[in-house]
Amino acid sequence: MDLNTIERNETDSASQSAAAASAPAKKVFVKTYGCQMNVYDSQRMTDALAADGYTATDVIADADLVLLNTCHIREKAAEKVYSELGRIRDMKAERAAVGREMLIGVAGCVAQAEGPEIIRRSPAVDLVIGPQTYHRLPDVLARVRGGEKIVETEYAIEDKFEHLPQPKRAEMIKRGVTAFLTVQEGCDKFCTFCVVPYTRGSEVSRPVAQIVAEAERLADAGVREVTLLGQNVNAWHGKGEDSMEWGLGRLLFRLAEIPGLARLRYTTSHPRDMNDELIAAHRDLPALMPYLHLPVQSGSDRILKAMNRRHTAKDYLALLERIRAARGDIALSGDFIVGFPGETDADFEATMDLVGQVNYASAFSFKYSPRPGTPGADMPDHVPEAVKDERLQRLQALLLKQQQDFGLGLVGSTIDTLIEKPGRQAGQKVGRSPWLQPVIVDEKAGEIGDIIRVRITKTGYNSLFAELA
Ligand code: 5AD
Ligand code: SF4
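Procedures and definitions
In this convention, every chain numbers its residues from 1, walking through the sequence in written order. Each chain gets a letter, beginning with A, and each ligand a number, beginning with 1, in the order they are written. Note on the predicted model: pLDDT of at least 70 is required for a residue's local features to be given, and 80 or more for side-chain atom pairs to be given and counted; whole-chain, interface and lining totals, by contrast, use all residues. Only hydrogens and water are removed before side-chain values are computed, so all heavy atoms of the structure are retained for them. Between any two strands, at least two bridges found by DSSP are needed for them to pair. Segments assigned H or I by DSSP are reported as helices when at least four residues long, segments assigned E as strands when at least two residues long, and all are numbered from the N terminus. Axes, fitted as lines to C-alpha atoms, cover a helix only where it is in contact. Angles between the N-to-C directions of the axes lie from 0 to 180 degrees. The pairing test for Phe, Tyr and Trp rings, Trp by its six-membered ring, is centres within 6.5 Å, and the orientation test on the planes gives stacked under 30 degrees, edge-to-face over 60, and tilted for anything in between. The buried label goes to any residue with under 20% of its type's maximum accessible area, the exposed label to any with over 50%, and the partly exposed label to all in between, with areas taken from a 1.4 Å probe on protein chains only. Lysine and arginine charges are scored as sitting over a ring when NZ or CZ, respectively, is within 6 Å of the ring centre and within 35 degrees of the ring normal. In this analysis, two residues are considered to be in contact whenever any of their non-hydrogen atoms come within 4.5 Å of each other. The working definition used for a salt bridge is a side-chain nitrogen of Lys or Arg within 4 Å of a carboxyl oxygen of Asp or Glu. Polar contacts, as used here, are pairs of N or O atoms within 3.5 Å; protein pairs need one atom able to donate a hydrogen and one able to accept it. Residues neighboring in sequence count only if both atoms are side-chain atoms. One less than the number of residues in a helix, times 1.5 Å, gives the span that helix is expected to have. Take the buried residues of types Ala, Val, Leu, Ile, Met, Phe, Trp, Tyr and Cys, join any two whose side-chain atoms come within 4.5 Å, and each joined set is a nonpolar core.

A word on the sheet that holds strand 16 (residues 331-338)
Spatially, 15-16-17 is the arrangement adopted by the 3 strands of the open sheet, whose pairing is parallel. The open sheet has two edge strands, strand 15 (291-293) and strand 17 (362-367), and neither has a second partner. Across the sheet, the axes of successive neighbouring strands diverge by a mean angle of 10 degrees, strand direction being ignored. As paired strands, strand 15 and strand 16 are joined by 3 bridges and run parallel to one another. By the bridge assignment, Tyr-291 is partnered in strand 16 with Ala-331.

Points about the packing of aromatic side chains
This model, assessed by the stated rule, comprises 4 aromatic pairs. Between Phe-336 and Tyr-360 the ring centres are 5.3 Å apart and the planes differ by 90 degrees, which places this aromatic pair in the edge-to-face class. Of the two residues, Phe-336 sits in strand 16 while Tyr-360 sits in the loop between helix 14 (345-358) and strand 17, which places them 24 residues apart along the sequence. Taking relative accessible area as the criterion, Tyr-360 reaches 1% and is therefore assigned buried. Stacked on the ring of Phe-161, the Lys or Arg Arg-206 has its end atom at 3.7 Å from the ring centre. Note that Arg-250 overlies the ring of Trp-246, its terminal NZ or CZ placed 4.2 Å from the centroid.

Examining the environment of Thr-459
Along the chain, Thr-459 falls in strand 21 (residues 451-459). Judged by relative accessible area, which is 28%, Thr-459 ranks as partly exposed. As a C-alpha pair, Thr-459 and Leu-248 span 211 residues in sequence and 34 Å in three-dimensional space. Aside from chain neighbours lying at most four places away, what touches Thr-459 is Gly-407, Leu-408, Val-411, Leu-464 and Phe-465.

Concerning the pairing of strand 11 (residues 225-229)
When you tally the buried positions in strand 11, you get 5 out of 5 residues, the bulk of the element. Burial along strand 11 is two-sided: the residues Glu-225, Thr-227 and Leu-229 and Val-226 and Leu-228 are all buried. Bridge count for strand 11 against strand 14 (residues 263-267) is 5 bridges, and the pairing is parallel. Of the residues in strand 14, the one forming a bridge with Thr-227 is Arg-265.

Thoughts on the sheet that holds strand 19 (residues 428-432)
Hydrogen bonding along the main chain pairs the strands of a sheet, whether they run parallel or antiparallel. With mixed pairing, the 5 strands of this closed barrel are ordered in space as 18-19-20-22-21. Taking the axes of each pair of neighbouring strands and ignoring which way they run, one obtains an average angle of 55 degrees across the sheet. Sheet topology note: the strand 19/strand 20 (residues 438-442) ladder contains 5 bridges and is antiparallel. Across the sheet, residue Gln-428 finds its bridge partner in strand 20, namely Asp-442.

A word on the pattern of salt bridges
Side chains that differ in charge, positive against negative, can pair when their charged atoms come close. Counting across every chain of the model gives 44 salt bridges. With a closest N to O distance of 2.7 Å, Asp-47 and Arg-175 form a salt bridge. You can see Asp-47 sitting in helix 1 (residues 36-50) and its partner Arg-175 sitting in the loop between helix 7 (169-174) and strand 8 (178-182), a full 128 residues away along the chain. Judged by its relative accessible area of 24%, Arg-175 falls in the partly exposed class. Each of the salt bridges in this network shares a partner with another, and the network as a whole consists of Arg-136, Asp-139, Arg-143, Glu-148, Glu-152 and Glu-158.

Description of the pairing of strand 21
Where strand 18 (residues 414-422) meets strand 21, 5 bridges bridge the pair, whose relative direction is antiparallel. Opposite Thr-414, over in strand 21, you have Arg-455 as the bridge partner. Relative to strand 22 (residues 464-468), strand 21 is paired through 5 bridges, and the arrangement is antiparallel. Bridge pairing in strand 22 places Ile-456 opposite Ala-466. Once strand 21 ends, the chain turns through 4 residues before running back antiparallel as strand 22.

What about the side chain of Asp-347?
Within the secondary structure, Asp-347 is located in helix 14. A polar atom in the side chain of Asp-347 sits 2.8 Å from the side chain of Ser-300. Residue contacts for Asp-347: discarding those within four places in its chain leaves Ser-300, Arg-302, Ile-303 and Gly-342.

As for helix 9 (residues 208-220)
Quick reminder: α-helices carry 3.6 residues per turn. Residues three or four places apart thus point the same way. A rise of 1.5 Å per residue sets the reference length of helix 9, with its 13 residues, at 18 Å; its end C-alpha atoms lie 18 Å apart and thus fit the reference within 8%. Along helix 9, the positions that sit buried rather than exposed are Val-208, Gln-210, Ile-211, Val-212, Glu-214, Ala-215, Leu-218 and Ala-219. Positive backbone phi, approximately 95 degrees, marks Gly-222, located one or two places after helix 9.

Observations regarding the nonpolar core
The biggest cluster of nonpolar side chains holds 54 residues, and the ones touching the most others in it are Leu-228, Tyr-266 and Tyr-360. Look past the residues within four positions of Tyr-266 in its chain and what remains in contact with it is Thr-227, Leu-228, Val-233, Leu-248, Leu-252, Met-274, Leu-278, His-282, Leu-288 and Leu-292. Listed in part, the 34 residues of the second largest apolar core include Cys-71, Ile-73, Val-81 and Met-91.

Regarding unusual backbone geometry
Going from Thr-267 to Thr-268, the amide bond is cis rather than trans, its omega being 5 degrees. Relative to the elements of secondary structure, Thr-268 occurs in the loop between strand 14 and helix 11 (276-284). One non-glycine residue, Phe-190, lies in the positive phi region at around 55 degrees. Here Phe-190 is to be found in the loop between strand 9 (184-185) and helix 8 (196-199). The backbone of Gln-297 shows a phi angle near 75 degrees, a positive value even though the residue is not glycine. Within the secondary structure layout, Gln-297 lies in the loop between strand 15 and helix 12 (301-306).

Shown next as structure tokens:
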């Protein structure tokens, strides 16, 4: 799983939604930590609350309800939440002093992992709600207003997606021309470092009809690019419209038929679940972008075994060969952990070797962080922090060099770019390359939602500059 790699997603979601016309609208402030799935979940929670009369605000002091949608993947995540809760508690007291309420809720993976402990340590918290129960938010809030403190972290037997309201079309349009769509949740792989199987539960795939309907609604609201999300997205499977069992490859073909949807992506994948059908989709489906996030974590077979990844470095490289044979211009991205218990210098060098052989267009790398309750935490031979630091630095320098070389290699070439939003600087717009790089163009190059042909003129730190081809 590697959804959680996107650390830049600590966002405050602010979006307006239909408020009850009569009563003054209640306001909710949502803060999102962690991965893209949390970003998606925050939107769905906002939608559920909109149906309950809440509008979103990005001013926390104005909020009648503050929701932290938390992440538990690595170190100190829970501690960060507790210190944030301390700040919010003070704001709650200030509002109470002028006779106004501020409810505090903790959602997401820390909520799931810590449960009632959160209210014990932070008594100002009114509700704790896990990732599989947030469709019950309106009901939970009603009980909270009745004076109860609620911890709702049991896995619901009902399907939350069946119970979540759809956002209004106007709201969807405001969210832009790219969107996330969760198709799969949870994980049965039990990598020994990873907390996800415990916080998100076992693997569940959403049904085809639900996914197609949601993608159609997104397309109808002007979305041009959809990223399918799952902790193990390529393990997605379901009964198709032809009553046959579909895998992710077949689903991608079906979604590509939806008018308006020009680009498809999916994240995150496990090497063991890259099947022939999915590789064929990379070959035969132009809408499927030539970019694949396929984490390997380590280049050492010994460590891969200890991590319970259930493949070798050679298996991974052979798989990449098949994928590259199917789609020559595919760019690879990955996740790495340095300093897993027992990792020797030789193991680490094997990781450096593998990175050298693969040549990544982008990657995320982390120091191993023991997660309570996972097998890795109890393994012997933990690696000293200083060694982890040094290894991480070396690995990141290599990965950064590869990423920059990948950008430089594009200078002078002509590529498609989806225009996403106005640029930070006046006169510019920002688009996305097929390989996920931001592409800066002149604002007159096209309208938001257009896919334009551009020539790359130079690279920025993490972006490309381009002119109309
Ligand atoms: N320590 C460090 N990194 C971790 N990841 C997951 N669990 C841990 C952990 N305990 C990384 C993996 C995964 C990504 C989402 O986060 O690289 O792919
Ligand atoms: Fe990914 Fe492994 Fe964690 Fe599952 S257990 S989410 S495959 S890292």
